[in-house]
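Read off the chains here:
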There are 2 protein chains.
Amino acid sequence: MSLWQSISDQLRGEIARGKWPPGTRLPPEAELAARFGVNRHTVRHATRVLADEGLLYSRRGAGVFVAATPVDYPLSERVRFHRNIELSGKVPGRTIDAIMTRPAGDAEAEALGLEPGQPVHVAEGVSLVDFKPVALFRSIYPAALVPDLPAALRQHDSVTQALRACGVADYQRLVTRISARTADAVQAGKLQLEPGDPLLRTEGLSQWQGQMVERALTWWAAERVTLTLPHQLS
Amino acid sequence: MSLWQSISDQLRGEIARGKWPPGTRLPPEAELAARFGVNRHTVRHATRVLADEGLLYSRRGAGVFVAATPVDYPLSERVRFHRNIELSGKVPGRTIDAIMTRPAGDAEAEALGLEPGQPVHVAEGVSLVDFKPVALFRSIYPAALVPDLPAALRQHDSVTQALRACGVADYQRLVTRISARTADAVQAGKLQLEPGDPLLRTEGLSQWQGQMVERALTWWAAERVTLTLPHQLS
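Residues numbered from 1 in each chain as written. Chains lettered and ligands numbered in written order. Predicted model: local features only at pLDDT ≥ 70, side-chain atom pairs only at ≥ 80, totals over all residues. Heavy atoms only, no water.

Considerations on the relation of the copies chain B and chain A
Next up, step 1: Under the fitted operation, chain B is carried onto chain A by 0.0 Å of movement along the axis and a turn of 180°, and the coordinates agree to an RMSD of 0.0 Å. What we have between these two chains is a two-fold relation.
Next up, step 2: Of all interface residues in chain B, 100% are interface residues in chain A too; the two copies therefore contact each other through one and the same surface. (Least-squares fit on C-alpha atoms with pLDDT ≥ 70 in both. Contact = heavy atoms within 4.5 Å.)

Here you go:
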């Protein structure tokens with residue numbers, strides 16, 4: 001086994017045993033090089049491998065940090081934030097920053113199969129896991145299909161429950177599109193991150209009885225959530 | 001329709017018509033505010049909405065840029081880079097930076113169901129679409145299962161073909177885990193990005209006849225590729 005591999009295995013073990021808790025900054029390269037009796041190039045190789053695995057991440061100019069173990073979030077045709085989080089043994093939560101009704105913009109109308117200018121309900125807020133923010137959301141609904149959704153969203157803990165109260169009992173995700181962005185100052189503030197930290201961005205389109213019922217944009221704090229995709233074997 | 005919405009629709013139209021090609025920096029807020037006869041807050045609201053949709057992105061300290069239209073890359077149980085890209089009407093390609101055989105590290109061994117230290121083949125390189133880099137990959141294979149893979153990888157254009165040459169004809173993706181990172185200087189250099197630009201990171205585990213055959217780590221340039229997930233409706 002090569003030198004860098006034995007160093008990366010050793011650091012991995014120390015992280016697993018809690019010597020370096022999530023959020024901790026790793027000692028500088030020079031210090032680690034002295035500790036292991038190797039040069040900085042070898043240390044860098046070892047920490048790069050751990051970064052590749054997701055155990056470490058670097059913040060520009062600030063050093064190398066230990067990543068938190070992210071929550072696994074399964075993407076399926078029945079995406080239900082509350083149930084998904086509960087199944088992982090954690091406490092789901094949500095704060096709503098704004099609920100409004102306004103004319104659909106061009107992109108929104110196209111996604112939902114509406115004419116531009118037709119009314120949509122928009123809900124914006126923060127999704128929580130164990131009382132910590134994990135994602136920002138902006139979800140958009142055709143107002144004509146679910147006229148009473150704003151009131152229902154204020155009454156119910158989850159979107160699923162609110163939609164059910166409006167008669168939409170069994171909606172299904174048609175497609176999810178996944179990208180990455182870096183957090184701007186506003187997003188970082190709401191998610192308790194630093195500006196420039198990576199976000200997973202998902203756009204989900206759902207339908208109910210052949211009609212588009214939801215366009216959900218979500219920005220996930222990448223250090224706190226991993227999206228998982230269990231494939232169906234044929 | 002509100003003022004910011006009419007501005008964002010107008011800018012969206014200009015981007016669609018090619019007035020602002022991908023990679024262009026949008027004029028500063030003050031200039032756009034003067035053009036539309038509104039205050040900077042309204043301009044910022046309009047450009048934030050376009051950023052949320054993925055049409056614009058900001059680079060810290062450098063301004064707001066027009067995003068390229070990313071290639072859609074479908075994630076399925078049969079993930080085949082070459083075929084996926086060909087189906088989108090583009091030219092797939094690949095450069096291999098390194099092929100090596102070495103003992104598996106702890107994380108690699110766990111993912112592939114090996115003992116730490118058992119030999120693995122490792123292939124590292126860059127995936128191309130229309131001759132432009134879109135992703136970095138590091139793919140790992142149990143050497144005992146496909147002893148001749150290194151030679152096959154050098155001979156064939158795609159991993160699928162190389163594995164088939166080694167007798168592995170029909171492997172299947174078991175799970176894909178999706179996260180986001182920011183590019184470090186090395187990754188940015190290879191992908192022709194700026195350090196700090198967002199990357200999608202995927203880890204895919206594949207099996208063949210009940211044995212783990214591949215652990216594929218991929219770092220996608222988020223501005224060039226969107227991962228898509230067409231759900232199966234039940």
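What to know about the domain arrangement of chain A
Next up, step 1: Parsing chain A into structural domains produces domain 1 (3-66) and domain 2 (71-228).
Next up, step 2: Between domain 1 of chain A and domain 2 of chain A, the C-alpha centre-to-centre distance is 36 Å. (Domains from an automatic or database assignment.)

Considerations on the interface of chain B and chain A
Next up, step 1: At the junction of the two partners, chain B supplies 60 residues and chain A supplies 61 residues.
Next up, step 2: Taking both partners together, chain B and chain A bury about 5000 Å²; carbon and sulfur atoms supply 49% of that area.
Next up, step 3: Between Arg12(A) and Asp106(B) there is a salt bridge, with the nearest N and O atoms lying 4.0 Å from each other.
Next up, step 4: Here chain B and chain A share 16 residue pairs in polar contact (both at pLDDT 80 or more) between them.
Next up, step 5: With 11 residues, strand E7 (residues 172-182) of chain B is the largest single contributor of residues to the side of chain B that touches chain A. (Buried area = accessible area lost by both parts, 1.4 Å probe. Salt bridge = Lys/Arg side-chain N within 4 Å of Asp/Glu carboxyl O. Polar contact = N/O pair within 3.5 Å; in protein donor to acceptor, adjacent residues only side chain to side chain. Helix = DSSP H or I, 4+ residues; strand = E, 2+ residues; numbered from the N terminus.)

Considering the nonpolar core
Next up, step 1: In terms of nonpolar packing, the biggest core is built from 32 residues, with Ile178(A), Leu227(A), Ile178(B) and Leu227(B) touching the most fellow members.
Next up, step 2: Setting aside residues up to four positions removed in sequence, Leu227(B) forms contacts with Thr176(A), Arg177(A), Ile178(A), Tyr73(B), Leu75(B), Ile178(B), Leu200(B), Thr202(B) and Trp220(B). (Core = buried A, V, L, I, M, F, W, Y, C linked by side-chain atoms within 4.5 Å. Buried < 20%, exposed > 50% of the residue type's maximum accessible area, 1.4 Å probe, protein only.)

Topic: the packing of helix H1 (residues 3-16) of chain A against helix H2 (residues 29-36) of chain A
Residues and elements named next belong to chain A.
Next up, step 1: Where H1 contacts H2, the axes come no closer than 12 Å and their chain directions differ by 105°. Taken together, H1 and H2 sit at an angle that is classed as roughly perpendicular. Two secondary-structure elements touch here, H1 through Ile7, Gln10, Leu11 and Glu14 and H2 through Leu32, Arg35 and Phe36.
Next up, step 2: Partitioning the contact of H1 with H2 into residue classes produces four nonpolar, one polar and two charged. (Axes fitted to C-alpha atoms, helices over the stretch in contact; angles between N-to-C directions. Parallel < 35°, antiparallel > 145°, perpendicular 65-115°, else oblique. Nonpolar A, V, L, I, M, F, W, Y, C, P; charged D, E, K, R; others polar.)

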